[in-house]
Amino acid sequence: MSSQRQSPAVRPPGFVYRETKGGILRRGGSFALLCEEIPLHKLAEQYGTPLYVYSATMIRERYEAFDAAFRDVPHTICYSVKANSNLTVLRMLARKGCGFDVVSGGELERVLAADRKAAKQVVFSGVGKTREELTAALKAGIMLFNVESESELWALAECAGRLRKTAPVALRVNPDVAAETHPYISTGLRKHKFGVPIHEARALYAKASGARYLKVRGVSVHIGSQITDIAPFGEAMARVADLVGELRLDGHNIDYIDAGGGLGIAYEKPSSRGFSADVAAYARALADPLRRLDVRLLLEPGRSIIGPAGILLTSVIYRKQNDGKRFLVVDAAMNDLIRPALYGAYHEIIPVTQSVNPAAKSEVTDIVGPVCETGDFFARDRELPAVEEGELLAILDAGAYGMVLASNYNTRPRPAEVLVTGKSAKIIRRREKVSDLLRAEL
Ligand code: LLP
């Protein structure tokens, strides 16, 4: 019996197959995909599909691995709320001592709702912070404002002056380092809207330190997202380290270096050496240029913490063929998970139940949603074990930039979210109803 066969496309310990007896058509056994100890088909029965499912153990373990990789350097992890902002997720991380990176007043409110005391570990990034948002963050007493332009600096000085509160400031510098990733999520080049050019930073720091209610505290940088080559992170840090030296000579106190986020994950196949080794290499690249600088390193990981810890569970509504081309039409769509449509992103897709028989039929098919756009696909020409109508598929690595980017396009209510710990599952966001959508309209 092939009982040792394991599908390679799983994400342990959160998502694994377990063999069950007498499954598919009673021809031998089948593999059932679980989240931790719970079969995903049970979650689908109970909560319906499409459904986001997260493994709490995996979120915790990834956070701990990330934290451990930086144990030799004073550091604070400020989880990037934009990746997945569910309140339960934020609360879970806050309990572990995690700080937060926010980019809007809304995200700040979420963090405060999750844990009032988390404000002192919050960094606020973004090119377009409004005066209302700056004021709310000043009132909350956040750790650091990552200022991205001279205009923003003066807006912050004005808001701080009005409250008679001192604003802790870092400038987000643009190191002009190229990092290979999708052009929409690369940020560290001169042509991008983010930050201030690194060679203009000194002049701006001089202006900042002259403002009564601003206090220079650090330097911040973020070169992009889904970066899997470690070298550009080291390069950016080396440039930041040089700048810190110059700023100190100019008489500024630099206590923090905020390295941003951006560590990529392996969407196509899980890294063979595991997350701990990947994040250790990343930590070395960041920390080496900072040795002897005596600063606290701030880190803003999003995807690397929560991406692989979540899936989108969906049911096959119809099988169809157009002139021999096969489609699986599923009940999730681009409004639920936009990454394939927006970035051409690859997500592994696996059946929730599959035969243990290695000779079982597979087929090449597109996996598409019901939305009226050709761009509404999750995979094209993908080889997959043959699945029938009514069966379930798991779209992997959907924990980051999944639910947060969901919309109501085609008046589709957004999915529910479930968090699993061992044998227990709890709903952490209820499924939206059409009536929720209609209510806001007069
Ligand atoms: N810090 C800053 C200033 C950022 O702009 C970002 C992401 C992060 C941290 C977190 O980066 P991470 O560790 O998650 O890579 N929607 C896109 C990703 C957009 C990322 C935007 N900024 C996607 O689905 O790939």
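Going by the structure above, here's the rest.
Read on for an overview of the structure. The numbering scheme is per chain: residues are counted from 1 as the chain's sequence reads. Totals for whole chains, interfaces and linings use every residue, but because this is a predicted model, local features are given only for residues with pLDDT of at least 70 and side-chain atom pairs only at 80 or more, for both listing and counting. Note that the side-chain values use all heavy atoms of the structure and ignore hydrogens as well as water.

**Re the overall build of the protein chain**
What counts as a helix is a DSSP run of H or I of at least four residues, what counts as a strand is a run of E of at least two, and both are numbered from the N terminus. Secondary structure assignment for the protein chain yields 12 helices and 22 strands. Radius of gyration here uses only the C-alpha atoms, and the compact-globule reference equals 2.2 Å multiplied by the residue count raised to the power 0.38. Over its C-alpha atoms the protein chain spans a radius of gyration of 23 Å, differing by no more than 12% from the 22 Å that the globule rule assigns to 442 residues. For the protein chain, the C-alpha atoms occupy an extent of roughly 75 × 55 × 40 Å along the three principal directions. Across the 442 residues in the protein chain, those meeting the buried criterion constitute 56%. Taking the intrachain contacts of the protein chain between residues at least 6 apart in sequence as the baseline, contacts between residues at least 24 apart amount to 69%. Using the Shrake-Rupley algorithm and a 1.4 Å probe, accessible areas are obtained, with residue cover drawn only from the displayed protein chains. Total accessible area on the protein chain is roughly 19,300 Å²; 50% of this is exposed by carbon and sulfur atoms. In this count, Lys and Arg are taken as positive residues and Asp and Glu as negative ones, while His and the chain termini are left out. Taken as the charge location is NZ of Lys, CZ of Arg, CG of Asp or CD of Glu. In the protein chain, 59 side chains carry a positive charge and 51 a negative one; their mean positions are 4 Å apart. Only protein chains enter the accessibility calculation, which uses a 1.4 Å probe. A residue is then buried if its area is under 20% of the maximum for its type, exposed if over 50%, and partly exposed in between. By definition in these notes, contact holds between two residues if any of their heavy atoms fall within 4.5 Å.

**Focus on the side chain of D331**
Structurally, the position occupied by D331 is in the loop between strand 15 (325-330) and helix 11 (339-343). Any Lys or Arg side-chain nitrogen located within 4 Å of an Asp or Glu carboxyl oxygen qualifies as a salt bridge. No salt bridge is formed by the buried D331; the nearest opposite charge belongs to R412, separated by 6.4 Å. Looking at D331, its side chain comes within polar contact range of the side chain of T49, at 2.5 Å. Polar contacts, as counted here, are pairs of nitrogen or oxygen atoms within 3.5 Å of one another; within protein the pair requires one atom able to donate a hydrogen and one able to accept it, and residues that are adjacent in sequence qualify only if both atoms are side-chain atoms. In this structure the side chain of D331 is engaged in a polar contact, spanning 2.9 Å, whose partner is the backbone nitrogen of S315.

**Observations regarding helix 9 (residues 275-287)**
When the terminal C-alpha atoms of helix 9 are compared, their 18 Å separation across 13 residues agrees well with the 18 Å that a helix rising 1.5 Å per residue should span. F275, V279, A281, Y282, A283, A285, L286 and A287 are the residues of helix 9 that are buried. Buried residues in helix 9 make contact with helix 2 (56-69), helix 8 (231-249), strand 13 (296-299) and helix 10 (303-306). Here a helix's expected span is defined as the number of its residues, less one, multiplied by 1.5 Å.

**Focus: the pairing of strand 20 (residues 392-395)**
The alternating pattern of strand 20 places L392 and A394 on one face and L393 and I395 on the opposite face, and all of these are buried. In short, DSSP must find at least two bridges between two strands for them to pair. Summarising the sheet, strand 16 (residues 349-351) and strand 20 pair through 3 bridges and their orientation is antiparallel. Looking at strand 20, one finds that I350 is bridged to A394.

**With respect to the environment of Y318**
Following the sequence through the fold, Y318 ends up in strand 14 (residues 310-322). For the pair formed by Y318 and E389, sequence separation is 71 residues and the distance between their alpha carbons is 5.5 Å. Contact partners of Y318, with chain neighbours within four places excluded, come to F327, L328, V329 and E389.

**Quick notes on the packing of helix 7 (residues 201-209) against helix 8**
Axes here mean lines fitted to C-alpha atoms, for a helix over just the part in contact, with angles spanning 0 to 180 degrees between N-to-C directions. Between helix 7 and helix 8, the shortest axis-to-axis distance is 11 Å and the interhelical angle comes to 40 degrees. In terms of their interaxial angle, helix 7 and helix 8 are classed as oblique. Here helix 7 runs over helix 8; the crossing is right-handed. Here helix 7 contributes A201, R202 and Y205 to the contact with helix 8, which in turn contributes L243, E246 and L247. Class assignment for the residues of the contact of helix 7 with helix 8 results in 4 nonpolar, no polar and 2 charged. In what follows, roughly perpendicular refers to angles from 65 to 115 degrees, roughly parallel to angles under 35, roughly antiparallel to angles over 145, and oblique to any angle outside these ranges. By definition, any crossing whose near helix is turned counterclockwise from its far helix by less than a right angle is left-handed, and any crossing with a clockwise turn is right-handed. Residues are grouped as follows: Ala, Val, Leu, Ile, Met, Phe, Trp, Tyr, Cys and Pro are nonpolar; Asp, Glu, Lys and Arg are charged; all remaining types, including Gly, are polar.

**Re the nonpolar core**
Counting 135 residues, the largest nonpolar core has L40, V53, F66, Y79, F100, F145 and Y282 as its most contacted members. Of the domains in this structure, domain 1 (15-55 + 308-438) and domain 2 (70-301) are the two that each give at least three residues to this core. Residues within four places of F145 in sequence aside, it is in contact with F124, L134, A137, L138, L156, A167, P168, V169 and A170. Residues C78, V123, M143 and A170 belong to the second largest nonpolar core, which totals 7 residues. For our purposes a nonpolar core is just a set of buried Ala, Val, Leu, Ile, Met, Phe, Trp, Tyr and Cys residues, chained together by side-chain atoms within 4.5 Å. Those domain boundaries reflect an automatic or database domain assignment.

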